[in-house]
Amino acid sequence: MLLRLWLDAPTFGGLLRDRRAWLKVGIFGVMGALSSALYLNGFHAIAGHASLRAHSLSEFVGWFIRAMTYPLLESSQLHTVLLSLAQWGVIIGALVLYFIQRHDPVTRRKLVLLVSLLLLVLANAGLTAYGRGGHPEIASRYITLLLWVSALFVVTTSDIMRFVAQRRGWVAHGALALVALIFASIVAIHTLDYTRALADLPVRRAERMAQATTTINYLLDPTAPIRGPMPTIKPLFDEVLNDPAQRSLLPAWILDPTQVLPATSFGAAWGFRGVRSATDNRASWGSWSDDLLATGRIESAPFKITQPYLIVNITGYPNRSGNRLILETLDGSGDWLRYNDSNPGLAWREWHVDVSAFMGRYVRIVAVDNSTDAQGWLGFGSVRFVSPTVRIMDALIGNLEWLVGGTLILIMTAAFVVSQTPPDLRSRPVAAVTLLAVAGLIIYCTQTPPASQTFFSLQPQRLTQEPFAMLRALPASFVDTSAIKRVPDGLFMHPNAGLVVGPFEARTPLCLTTQAQIDPAAPQTPEHDGVQFVAYVLVDNLVLAQAQATAMLGHPAEMRLELPTNQPFTISLQTQMRSNSAYDWAIWHQPQIAPCSP
């Protein structure tokens, strides 16, 4: 503002007499001082922070130069040093050009804007060099510097090339070619660096996830060890834990590890914090244990749906064969939602559930572990409701690249259409179409339905005295695979595998009968030791009865399993290898439901 006052004032006396301009300077000066005071008042000095600062003037200057040329000087090679000098040479050259032509009103405004942005860049570079001069980590201010320095370089390059193009002679042509070469070289090296950086993204993400886990564990238990570069912020963790105002911002499950939903378990699998999710100690219920054969079911305490969206923290393998994670109503309607997305594995993931159809109703979380392999466990943790406003903001952020890119394309298209249409047809129709298109894009980005749930309201299939072939009850989604597939008169199931069919309901006593056998086409080898066949009857996802048999090549085994009456049930068929899986070509031969024979 002082520069603008000096440029606009015809004389020094006129500059001093312009009270309105000095009032503006005073107002903005007070606002700047107030914002600086608020920033410093809210700034938290980290203990040991002196180790991060520049220890000498030369170290400060070195980091200042690096900050001003980020990321070109990350690798101090000769060509990047020269390009950095050339980039700032163009910007300073434009500054000199603007100053020489300052009598032109347009150029005068460009000079003021360029100086203002340079002050912004210099201030951020100074803060970065002072606060990070002794530490190799990248600060967030680097992105601010990269943005504004790049913007200044592009704009000043354009003005210098336009100025030089209006001159004649070989000097002007040489200068034009040099500026164009500098611009193309900097764009090319930035592009090359970005493509190389893409390969580092998974590694950086893994490091950040490990740091997040360490942070969570430390907040849960201050005696937990802190790994990697995290020890430098240990005092900040302690400050958060000891400050009631900051502590109130933490999630409930960190403040009190018992804040996971109360639950009742059936079977031996489930336990508090029974998860294997890296080293994360957050409160949860899980079915991980050293006993792979342990199975069971857990039901959370009922809770009322008060918002249309719910988020459940989940981990493990809820979509593994034999497992399931559902949200079911308790009003007898039989409505329930099942998680159907990919398995989170050892990480934690948020299950976003659209529960708008359950508003005002009581529900509970039900998790079932009927898998007996190493990746057959699952778990869930804290539960929280999300308002429609928060969900819309989450959707906007999740689709930000599409929203911004689509909006820019629409605006560029509208600008092209305006340039190609007569003046009397330009403004209103094009503006209206553009606004409608942008509004449609926003609605699309915020109304994408969640894809991680399936709604069920199934009626059990009623069985009669007539023999019923179980292959007729395969789920509609069943697809033949190399592990499980239909074969003549049976179902091939290579261990370890499983399949649940149903639900059924029998009015009279019935039995499941089948023959467990190894495909006769399998070669006889010394390694072959047979296959364990297991059939379960599940009522409310709990094992009510089971039958098992071992089949060897050339030695099939008959199996018979009594089924319950007057209540819905499902049947789980599973095959398990013994000491090895060599040629375990297991077949459930002619599985059917029929009246029990004597």
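Numbering of residues starts from 1 in each chain and follows the order in which that chain's sequence is written. Residues qualify for local features only when their pLDDT is at least 70, as the model is predicted, and side-chain atom pairs are given and counted only at 80 or more; totals for whole chains, interfaces and linings, by contrast, use all residues. Note that water and hydrogens are dropped before the side-chain values are worked out from all heavy atoms of the structure.

J.: What am I meant to see in the overall build of the protein here?
T.: For the protein, the helix and strand inventory stands at 15 helices and 23 strands. Note on classification: 1.4 Å probe, protein chains only; a residue is buried when its accessible area is under 20% of the maximum for its type, exposed when over 50%, partly exposed between these limits. Considering the protein as a whole, with its 598 residues, one finds that 39% of them fall into the buried category. Put simply, 74% of the contacts in the protein that link residues at least 6 apart link residues at least 24 apart. By element, 63% of the accessible surface of the protein is carried by carbon and sulfur atoms, the whole surface being about 33,500 Å². Per the convention used, a helix needs a DSSP run of H or I reaching at least four residues, while a strand needs a run of E reaching at least two, with both numbered from the N terminus. We call two residues in contact whenever any of their non-hydrogen atoms come within 4.5 Å of each other. Where accessible areas are quoted, they stem from the Shrake-Rupley method and a 1.4 Å probe; at the residue level, only the protein chains shown are allowed to cover.

J.: For this particular structure, what's the right way to read a nonpolar patch on the surface?
T.: Residues enter patches when their relative accessible area tops 30% and they take part in no salt bridge; the joining distance is 9 Å for like charges and 5 Å for the nonpolar side chains Val, Leu, Ile, Met, Phe, Trp and Tyr. For this analysis, a salt bridge means a side-chain nitrogen from Lys or Arg found within 4 Å of a carboxyl oxygen belonging to Asp or Glu. Among the surface-exposed residues, Met 1, Leu 23, Ile 27, Phe 28 and Met 31 lie close enough to one another that they form a single nonpolar patch of about 520 Å² accessible area. By secondary structure assignment, the location of Ile 27 is in helix H3 (residues 19-42).

J.: Help me out: how do you make sense of the pattern of salt bridges in this one?
T.: Opposite charge on two side chains permits pairing when their charged atoms draw close. This model, assessed by the stated rule, comprises nine salt bridges. Between Asp 159 and Arg 162 there is a salt bridge whose closest N-O contact spans 2.8 Å. Placement of both Asp 159 and Arg 162 in helix H7 (residues 141-165) is noted, with a separation of three residues, approximately one turn of the helix. Overall, the relative accessible area of 11% leaves Asp 159 in the buried class. Residues Glu 328 and Arg 364 are paired through a salt bridge, measuring 2.6 Å at the closest nitrogen-oxygen approach. Of this pair, Glu 328 sits in strand S7 (residues 323-329) while Arg 364 sits in strand S10 (residues 362-369), placing them 36 residues apart in sequence.

J.: What's the story with helix H4 (residues 57-68) in this structure? I'm lost.
T.: One turn of the α-helix equals 3.6 residues, which is why residues spaced by three or four share an orientation. In a helix, the anticipated span is given by 1.5 Å times the number of residues less one. Helix length check: H4 (twelve residues) gives 16 Å between terminal C-alpha atoms against 16 Å at 1.5 Å per residue, within 8%. Every buried residue belonging to H4 is among Trp 63, Ala 67 and Met 68, and all of these are buried. Projected down its long axis, H4 carries its buried residues within an arc of 135 degrees, all on one side. The arc in question is traced by the directions running from the helix axis to the C-beta atoms.

J.: Explain the packing of aromatic side chains to me, please; I cannot follow it from the model alone.
T.: Both the distance between ring centres and the angle between the ring planes are used here to describe each pair of aromatic rings. Side-chain rings of Phe, Tyr and Trp (the six-membered ring for Trp) are treated as a pair once their centres are within 6.5 Å; stacked means planes under 30 degrees apart, edge-to-face means over 60, and tilted covers the remaining angles. Tallying each qualifying case throughout the model produces nine aromatic pairs. Ring centres of Tyr 339 and Trp 351 lie 5.5 Å apart, and the angle between their planes is 80 degrees; this geometry places the pair in the edge-to-face category. Linking Tyr 339 in strand S8 (residues 336-339) with Trp 351 in strand S9 (residues 345-354), this pair joins segments that are twelve residues apart in sequence. When sorted by exposure, Tyr 339 lands in the same class as Trp 351, which is buried. Between Phe 504 and Phe 569 the ring centres are 5.8 Å apart and the planes differ by 45 degrees, which places this aromatic pair in the tilted class. Taken together, the residues span a long stretch of sequence, with Phe 504 in strand S17 (residues 497-506) and Phe 569 in strand S22 (residues 569-577) at a distance of 65 residues. As far as the burial class goes, Phe 504 and Phe 569 line up, both buried. Within the aromatic cluster, the residues linked to one another by ring pairs are Trp 288, Tyr 317 and Trp 377. Whether a charge sits over a ring depends on NZ of Lys or CZ of Arg being within 6 Å of the ring centre and within 35 degrees of the ring normal. The ring of Phe 99 carries Arg 102 above its face, with NZ or CZ at 4.3 Å from the centroid.

J.: I tried to follow the nonpolar core on my own but got confused; where do I start?
T.: For soluble globular proteins, the rule of thumb is that nonpolar side chains tend to be buried together. With 37 residues, the main nonpolar core has Phe 504, Phe 569, Ile 571 and Ile 593 as its most contacted residues. Those elements giving two or more residues to this core turn out to be strand S16 (490-493), S17, strand S18 (510-518), strand S19 (531-539), strand S20 (542-551), strand S21 (557-562), S22 and strand S23 (586-595). Setting aside its immediate chain neighbours within four residues, Phe 569 contacts Leu 463, Pro 503, Phe 504, Glu 505, Ala 506, Val 537, Leu 538, Val 539, Leu 563 and Pro 564. Among the buried residues, those of types Ala, Val, Leu, Ile, Met, Phe, Trp, Tyr and Cys that are joined through side-chain atoms within 4.5 Å form a nonpolar core. Listed in part, the 28 residues of the second largest apolar core include Ala 67, Tyr 98, Val 149 and Ile 186.

J.: Can you walk me through the side chain of Arg 361 in this structure?
T.: Inspection of the secondary structure assignment puts Arg 361 in the loop between S9 and S10. The class for Arg 361 is buried, based on a relative accessible area of 18%. Within the structure, Arg 361 has its side chain in polar contact with the backbone oxygen of Ala 357 (distance 3.2 Å). Throughout this description, a polar contact denotes any pair of N or O atoms lying within 3.5 Å of each other; where both atoms belong to protein, one of them has to be capable of donating a hydrogen while the other can accept it, and for residues adjacent in sequence the pair is counted only when both atoms sit in side chains.

J.: What am I meant to see in the side chain of Thr 575 here?
T.: Along the chain, Thr 575 turns up in strand S22. A relative accessible area of 1% places Thr 575 in the buried class. Among the polar contacts listed, one links the side chain of Thr 575 to the backbone oxygen of Met 493, at a separation of 3.1 Å. The residues contacting Thr 575, other than those within four sequence positions of it, are Met 493, His 494, Pro 495, Asn 496, Ala 497, Val 531, Gln 532, Phe 533, Ala 586 and Trp 588.

J.: Can you walk me through the pairing of strand S15 (residues 484-487) in this structure?
T.: Looking along a regular strand, one sees side chains alternate from face to face of the sheet. For two strands to pair, DSSP has to find at least two bridges joining them. Note that S15 and S16 share four bridges and pair antiparallel. Along S16, the bridge assignment pairs Lys 485 with Phe 492.

J.: Where do I start with the confidence of the model for the protein in this structure?
T.: The predicted coordinates of low-pLDDT regions are not to be read in fine detail. Across the chain, each position has a pLDDT score giving the predictor's confidence in that residue, from 0 to 100. For the protein, mean pLDDT is 76; residues scoring 70 or higher make up 75% of the total. Element-level pLDDT for the protein is lowest in strand S12 (residues 453-456), with a mean of 51, against a maximum mean of 91 in S18.

J.: Please explain the sheet that holds strand S6 (residues 309-316) as it appears in this structure.
T.: The strands making up a sheet are joined through hydrogen bonds of the backbone, oriented either antiparallel or parallel. As summarised here, the arrangement of the five strands in space is S2-S3-S11-S6-S9, forming an open sheet in which the pairing is antiparallel. Looking at the sheet topology across the chains shown, the edges are occupied by strand S2 (271-272) and S9.

J.: Sorry, what's going on with unusual backbone geometry here?
T.: Trans peptide bonds make up most of the peptide bonds, and negative phi angles are found at most residues other than glycine. The backbone of Asp 489 shows a phi angle near 65 degrees, a positive value even though the residue is not glycine. On the secondary structure map, Asp 489 appears in the loop between S15 and S16. Here Gln 590, not a glycine, exhibits a phi torsion of approximately 50 degrees, which is positive. With respect to the helices and strands, Gln 590 occurs in strand S23. Classification of Gln 590 by relative accessible area gives partly exposed; the value is 46%.

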